[in-house]
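Given next are the chains, with one letter for each unit.
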Amino acid sequence: ILLILGFSALVMPLPVNPASFRRDSIALFGSAVLGAGAVMLGHISALMGAVLVLVLIGYIYWAYRSERQADDDEAHRHEAETADAAPATANALALGAMVVAGLAAAIYGARLLVDGAVVLATDMGVSESVIGLTVVAVGTSLPELIACLVAVYRKHPDVALGNIVGSNIYNILGILGLTAIVHPLDVPADLARVDVLVMLGVTALLLVQLRRGWSMSRAEGGLLLALYVGYTAMLMAR
């Protein structure tokens, strides 16, 4: 929210779809509260992970149903674009190979990123949680940053906004939930004491910004970036 959405809004103001906002704002803040509650327990069990994943499945179904029932100009435009693009995406074999290759590269790159982050934390004498909140967080967010900048460049700022909102929902409910199912997680005390409260505060700030005027201005994007710099400095000082 602070880095990628702030940078995107600084490039181009981001409009908000009021109809989608009502659904996604509930999902975004609800997932943040649920994730914060799990973190504050000090231990995220496999059962809690399963609850998070089930909530995500429910949200996906809710979003699918609401979009199917929507009948507006944007939906018709999307259907027309999909129909126009169908002949160009007919080669399922090539697309399947691209998906497999991209997944393999992502898995290999993720392992390198985590291993390098652990070594970096050891060499710098800082906790692994701080490295996770900085180096790893930025590294895993680079694809989202590129996707948002491309969307803004192509004059689709609503895609950039949806990307970040969706990513936060999936990160908490899907990724955290699945990780806890595979291996229950012990939460570092500093995460439960400070950083999870920062997450809740930033999420609330974002919703206020989006509801105010149904857009995010360049000034509001600059504020998010400034907060990110301040938060990173706080982590380094800690």
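Residues numbered from 1 in each chain as written. Predicted model: local features only at pLDDT ≥ 70, side-chain atom pairs only at ≥ 80, totals over all residues. Heavy atoms only, no water.

Draft legend 1. Quick peek at the overall build of the chain. Along its length, the chain carries nine helices and four strands. What you see in the chain, going N to C, is helices and strands ordered as α-β-α-β-α-α-α-α-α-β-α-β-α. Relative to its length of 238 residues, the chain is compact, with a C-alpha radius of gyration of 19 Å against a globular reference of 18 Å. Among the 238 residues that make up the chain, the fraction classed as buried is 30%. Pairs at least 24 residues apart make up 81% of the contacts formed inside the chain by residues separated by at least 6 positions. (Helix = DSSP H or I, 4+ residues; strand = E, 2+ residues; numbered from the N terminus. Rg over C-alpha atoms; globule rule 2.2 N^0.38 Å. Buried < 20%, exposed > 50% of the residue type's maximum accessible area, 1.4 Å probe, protein only. Contact = heavy atoms within 4.5 Å.)

Draft legend 2. Quick look at the nonpolar core. Judged by nonpolar contacts, the single largest core of 33 residues is most densely connected at Leu5, Ile169, Leu206, Leu210 and Met216. At the level of elements, α1 (4-11), α2 (18-40), α3 (46-69), α6 (128-153), α7 (157-182), α8 (189-211) and α9 (218-237) are the ones that each hand at least two residues to this core. Here this core gets seven residues from one element, more than from any other, and that element is α7. Setting aside anything within four residues of it in sequence, one finds methionine 216 in contact with Leu5, Ala9, Pro13, Leu14, Leu206, Gln209, Leu210, Gly221 and Leu224. Ala36, Ala38, Ala180 and Val196 belong to the second-largest nonpolar core, a separate cluster that totals seven residues. (Core = buried A, V, L, I, M, F, W, Y, C linked by side-chain atoms within 4.5 Å.)

Draft legend 3. Representation of the packing of α3 against α7. Look at α3 against α7: their axes get within 7 Å of each other, and the N-to-C directions meet at 145 degrees. Crossing geometry of α3 relative to α7 is assigned as left-handed. Residues Ala46, Gly49, Ala50, Leu52, Val53, Val55, Leu56, Tyr59 and Ile60 of α3 touch α7, and the partners they reach there are Ile169, Tyr170, Ile172, Leu173, Gly174, Leu176, Gly177, Leu178, Ala180 and Ile181. Split into classes, the residues belonging to the contact of α3 with α7 amount to 16 nonpolar, three polar and no charged. (Axes fitted to C-alpha atoms, helices over the stretch in contact; angles between N-to-C directions. Left-handed = near helix turned anticlockwise from the far one by under 90°. Nonpolar A, V, L, I, M, F, W, Y, C, P; charged D, E, K, R; others polar.)

Draft legend 4. Here's a closer look at the pattern of salt bridges. Counted according to the given criterion, the structure contains two salt bridges. A salt bridge links aspartate 24 to arginine 23, with the nearest nitrogen and oxygen atoms 2.9 Å apart. Each member of the pair, aspartate 24 as well as arginine 23, carries the same accessibility label: buried. With a closest N to O distance of 3.3 Å, arginine 212 and glutamate 220 form a salt bridge. According to the relative accessible area criterion, arginine 212 is exposed, its value standing at 59%. Under the relative-accessibility criterion, glutamate 220 is labelled buried at 10%. (Salt bridge = Lys/Arg side-chain N within 4 Å of Asp/Glu carboxyl O.)

Draft legend 5. Layout of the side chain of arginine 23. With respect to the secondary-structure elements, arginine 23 resides in helix α2. The buried category is assigned to arginine 23, whose relative accessible area is 11%. Side chain to side chain, arginine 23 and aspartate 24 meet in a polar contact 2.9 Å long. Sequence-distant contacts of arginine 23, that is, excluding residues within four places in its chain, are made with Tyr59, Trp62, Ala63, Ser66 and Glu67. (Polar contact = N/O pair within 3.5 Å; in protein donor to acceptor, adjacent residues only side chain to side chain.)

Draft legend 6. Fine view of the packing of α2 against α7. At a minimum axis separation of 9 Å, α2 and α7 run at an interaxial angle of 35 degrees. Between α2 and α7 lies a crossing whose hand is left-handed. Along the contact surface, α2 presents Asp24, Ala27, Leu28, Ser31, Ala32, Leu34 and Gly35, while α7 presents Val165, Asn168, Ile169, Ile172 and Leu173. Of the residues that constitute the contact of α2 with α7, the class distribution is eight nonpolar, three polar and one charged.

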